[in-house]
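Here is what each chain is made of, one letter per residue.
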Amino acid sequence: MTVRKLWIGLAMVLLSSFAVLIYFGRDIYHQLPPIPDKVTDESGNVLFTGQDIRDGQNVWQSIGGQTVGSIWGHGSYIAPDWTADYLHRESTIMLKAIATADQKDYTQQPDDIQAMYQQRLKNIIRKNTFDAATNTIVFAPARVAAFNELSTYYGNLFMREGDPVFAKLREQYAIPGNSIKDPERMRKMNAFFAWCTWVCITERPGGTVSYTNNWPGDETVGNVPSSSLHLWSGFSVLLLLACTALLILYHARNAEEHPTILPNEDPLRHTVITPSMKATLKYFWIVSALIIVQMLAGVITAHYGVEGNAFYGLPLDKFLPASVSRSWHVQLAIFWIATSWLATGLYIAPAVSGYEPKFQRLGVNILFGALLIVVVGSLIGQWLGVMQKLGLVDNFLWGHQGYEYIELGRIWQILLLAGLVIWLVLMLRALLPALRKKDESRHLLTLFVIASIAIAVFYAAGLMYGRQTHMAVAEYWRWWVVHLWVEGFFEVFATVVGAFLFCRLGLLQIKPATTAVLFSTIIFLFGGIIGTFHHLYFSATPISVLALGATFSALEIVPLVVIGYEAYHNYTLSKSTPWINAYKWPIYCLVAMCFWNFLGAGIFGFAINPPIALYYIQGLNTTAVHGHAALFGVYGILGIGLMLFVLRGLYPDRQWNDKLLGWSFWLTNIGLLVMVTVSMLPMGILQAIASIQHGYWYARSAEFMHTDTMQTLRWLRVPGDILLAAGESLLVIFVIGLKTGWSLKEER
């Protein structure tokens with residue numbers, strides 16, 4: 001296939017995919033579950049208002065939002081999913097009230113009588129009582145009683161620090177006492193919980209399925225998988241098999257070898273290192289520091305699962321609650337991975353063009369300072385927000401937005417976007433001379449520029465929602481950032497960078513490398529862009545989103561089927577000539593990235609991808625398995641590999657301490673594998689069984705999560721954590737040793 005045809009194919013994929021993503025995103029806006037002006041009882045007495053719901057959403061965000069349990073399945077894993085928890089407790093209270101009205105004790109009735117009361121409950125709780133004419137939702141008497149009782153319950157949970165009845169439960173949920181200090185804020189958060197749960201159980205107008213496609217699963221209230229979940233799950237599997245066969249056929253017909261005459265010595269060894277290229281070194285020092293801090297935040301967060309109010313007896317939750325440590329753990333991972341990739345781009349741009357623009361070094365240094373301000377400022381802001389030291393507006397602007405992966409306040413978001421734009425400008429001005437050349441590398445270089453533009457531009461999607469934007473809309477735009485920015489265009493950028501490096505090393509020919517990268521990008525983005533919808537199956541979105549998400553996200557797995565070939569190819573390159581041994585560990589990182597892409601993104605990703613699977617296991621530890629294996633295993637390991645490539649260029653004349661790097665590489669990868677497979681995966685499997693048998697609420701409950709078996713599995717994470725921490729620490733020691741000399745050996 002010619003390069004021209006591939007460019008046409010890429011343009012068609014981008015235009016058509018984003019057209020679909022935006023068009024059906026419009027459907028999300030048009031079919032939102034309503035936020036009413038008020039919620040009343042049948043007598044017209046106001047229970048809470050629409051503004052209470054919106055303010056309650058901000059209160060929930062201010063205590064950490066999705067880092068304190070989850071809403072609609074999106075969030076963290078120690079505390080429960082509040083919508084599932086609320087729905088179960090609400091249905092229990094309502095069943096009791098309905099039976100009591102008949103002077104009966106529901107729990108003492110035979111199965112057939114209980115089934116009758118459950119049907120009466122479904123008739124009440126699933127009925128859509130929203131009146132569009134008055135913009136009002138009406139609660140039945142039993143539901144009003146449940147709302148009042150649950151308002152007291154959650155008030156005690158989040159506010160009454162000295163209450164011994166709730167102390168144990170708070171410890172199991174890793175929620176500090178008095179997390180919410182203002183009763184008015186608590187009242188509003190209760191309104192938000194009640195409305196979010198109403199969305200989960202209320203049937204869409206003219207349908208028999210709730211706004212969240214009957215999620216969370218709870219047979220008592222009639223939340224069971226709809227026929228659409230079964231249909232599109234089956235279709236996605238069949239499509240995966242068909243497209244996998246086609247890709248293997250294409251690969252078999254076109255996987256011809258392009259023999260390359262390998263250079264006798266390292267072509268990059270004598271690259272002129274410009275001042276701006278040298279200035280990127282400090283970025284990798286910061287990457288090393290952030291790796292250590294992120295690791296420590298992860299250790300603290302994991303320990304909160306077994307000791308929710310302390311760290312080995314130290315009452316750490318008074319100063320560093322689980323919601324803060326988890327936010328820092330996630331944010332720092334994104335920060336250090338992105339910093340590594342951005343610094344690699346700043347290093348490569350002048351190296352490719354052979355041109356150092358005026359004031360380029362100054363720009364690199366200014367960007368470095370700006371990123372430091374964003375990192376430190378956003379972390380402090382998140383702490384201030386969760387500790388309830390900011391008002392709701394200030395918390396949104398400077399503190400904690402409450403959305404996973406984009407926890408940082410809006411001002412920090414804007415500053416980070418500005419930093420990405422500065423980075424893009426620095427990249428483009430350094431690449432301009434190379435872009436003007438009409439040689440065979442211009443296609444690969446053009447794709448590199450497109451990926452760089454996408455990295456800068458698509459983070460702006462996180463600015464498309466506001467402080468009180470409807471949750472379903474905010475989730476739509478949040479996944480533009482998480483899926484398209486982090487998982488999408490960063491991966492394209494990494495693929496292009498990898499091809500560039502191998503071509504400049506003389507290990508690949510530029511023309512076949514260009515063809516391979518363009519083809520891979522087309523295949524990946526064809527499934528990946530519309531596949532964004534698979535994160536939104538149960539986020540109050542219409543069936544069309546579920547159908548598209550299931551179909552196209554299955555296609556994301558297709559290119560991973562032949563990734564073993566890429567891993568083997570990268571491994572053989574590391575053995576192809578003696579001088580390439582200097583790049584052994586960077587190339588090994590690319591091999592490991594292929595492994596984790598197949599296991600973490602492929603196997604573990606598709607395990608939770610079909611709608612019928614995700615219906616039962618969204619937000620369980622199966623999600624954490626995929627998250628850790630894909631985010632760190634793929635993007636983190638790749639970030640380390642890119643850092644080592646650049647450091648090899650900055651220290652070209654000395655051999656490295658292979659033993660130190662070797663121990664770091666193997667401990668890091670083995671530690672991650674042990675952590676994921678020995679602890680998190682078994683926990684997720686047991687939770688999945690509990691969810692299928694007893695309901696989603698039970699799989700997330702303290703009753704189940706704090707059984708001896710589950711706690712033992714949590715402790716079994718320690719060996720993997722120790723290995724991983726040791727590997728990361730050795731990496732940092734190695735980077736420091738490049739400056740002090742202990743990581744350097746004899747002349748090359």
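Whatever comes next refers back to the structure up there.
Let me sum up the structure you'll find in this document. (Residues numbered from 1 in each chain as written. Predicted model: local features only at pLDDT ≥ 70, side-chain atom pairs only at ≥ 80, totals over all residues. Heavy atoms only, no water.)

**A closer look at the packing of helix H16 (residues 471-504) against helix H22 (residues 621-650)**
So, point 1. Two elements in contact, H16 and H22, have axes separated by 12 Å at closest approach and are oriented at 35°. The interaxial crossing formed by H16 with H22 has left-handed handedness. Contact with H16, carried on its side by Val-486, Glu-487, Glu-491, Ala-494, Val-497 and Leu-501, involves Leu-631, Tyr-635, Leu-638, Leu-642 and Phe-645 of H22 and no other residues of that element.
So, point 2. The residue makeup of the contact of H16 with H22, split by class, is nine nonpolar, no polar and two charged. (Axes fitted to C-alpha atoms, helices over the stretch in contact; angles between N-to-C directions. Helix = DSSP H or I, 4+ residues; strand = E, 2+ residues; numbered from the N terminus. Left-handed = near helix turned anticlockwise from the far one by under 90°. Contact = heavy atoms within 4.5 Å. Nonpolar A, V, L, I, M, F, W, Y, C, P; charged D, E, K, R; others polar.)

**Quick notes on the packing of aromatic side chains**
So, point 1. Taken as a whole and judged by the stated rule, the model has 55 aromatic pairs.
So, point 2. Seen in terms of ring centroids, Tyr-476 and Phe-533 are 6.5 Å apart; in terms of plane orientation they differ by 25°. Their pairing is stacked. Of this pair, Tyr-476 sits in helix H16 while Phe-533 sits in the loop between helix H17 (510-528) and helix H18 (543-555), placing them 57 residues apart in sequence.
So, point 3. What links up through ring pairs into an aromatic cluster is the set Trp-60, Trp-82, Tyr-86, Tyr-153, Tyr-154, Phe-158, Phe-166, Tyr-173, Phe-192 and Phe-193.
So, point 4. One Lys or Arg, Lys-282, reaches over the ring of Phe-368 and ends 5.7 Å from the middle of that ring.
So, point 5. The side chain of Arg-410 reaches across the aromatic face of Tyr-465, ending 5.1 Å from its centre. (Phe/Tyr/Trp six-rings, centres within 6.5 Å; stacked < 30°, edge-to-face > 60°. Lys NZ or Arg CZ within 6 Å of the ring centre and 35° of its normal.)

**Considerations on the nonpolar core**
So, point 1. Ranked by size, the top nonpolar core spans 224 residues in total, and within it Trp-72, Trp-82, Tyr-154, Phe-158, Phe-193, Trp-485 and Leu-647 carry the most contacts.
So, point 2. Non-local contacts of Phe-158, meaning those with residues more than four positions away in its chain, are made with Ile-63, Trp-82, Ile-175, Asn-178, Ser-179, Ile-180, Met-186, Met-189 and Phe-193. (Core = buried A, V, L, I, M, F, W, Y, C linked by side-chain atoms within 4.5 Å. Buried < 20%, exposed > 50% of the residue type's maximum accessible area, 1.4 Å probe, protein only.)

**Topic: the packing of helix H3 (residues 82-100) against helix H4 (residues 111-125)**
Helix-helix packing is characterised by the crossing angle of the two axes and by the distance between the axes.
So, point 1. One can describe the packing of H3 onto H4 by two numbers: an axis separation of 10 Å at closest approach and a directional angle of 115°. For the crossing formed where H3 meets H4, the hand is right-handed. Between H3 and H4, the contacting residues are Leu-87, Glu-90, Ser-91, Met-94, Leu-95, Ile-98 and Ala-99 on the first element and Tyr-117, Gln-118, Arg-120, Leu-121, Ile-124 and Ile-125 on the second.
So, point 2. By residue class, the composition of the contact of H3 with H4 is nine nonpolar, two polar and two charged.

**Notes on the sheet that holds strand E5 (residues 130-131)**
So, point 1. The sheet built from four strands is open, its strands ordered E2-E1-E6-E5 with mixed pairing. In this open sheet, the two edge strands, each paired with only one partner strand, are strand E2 (46-49) and E5.
So, point 2. In terms of strand pairing, E5 meets strand E6 (residues 136-139) through two bridges, oriented antiparallel. For Asp-131, the partnering residue across the bridge sits in E6 and is Thr-136.
So, point 3. Helix H7 (residues 183-201) contacts E2, E5 and E6 of the sheet and is inclined by roughly 90° relative to E6. (Pairing = 2+ DSSP bridges.)

**Looking at unusual backbone geometry**
So, point 1. In the segment running from Trp-215 into Pro-216, the intervening peptide bond is cis, with an omega of 5°.
So, point 2. You can see Pro-216 is positioned in the loop between H7 and helix H8 (227-254).
So, point 3. Unusually for a residue other than glycine, Ala-174 sits at a positive phi of about 60°.
So, point 4. Positive phi values are uncommon outside glycine, yet Ala-540 reaches one of about 60°.
So, point 5. Structurally, Ala-540 is set in the loop between H17 and H18.

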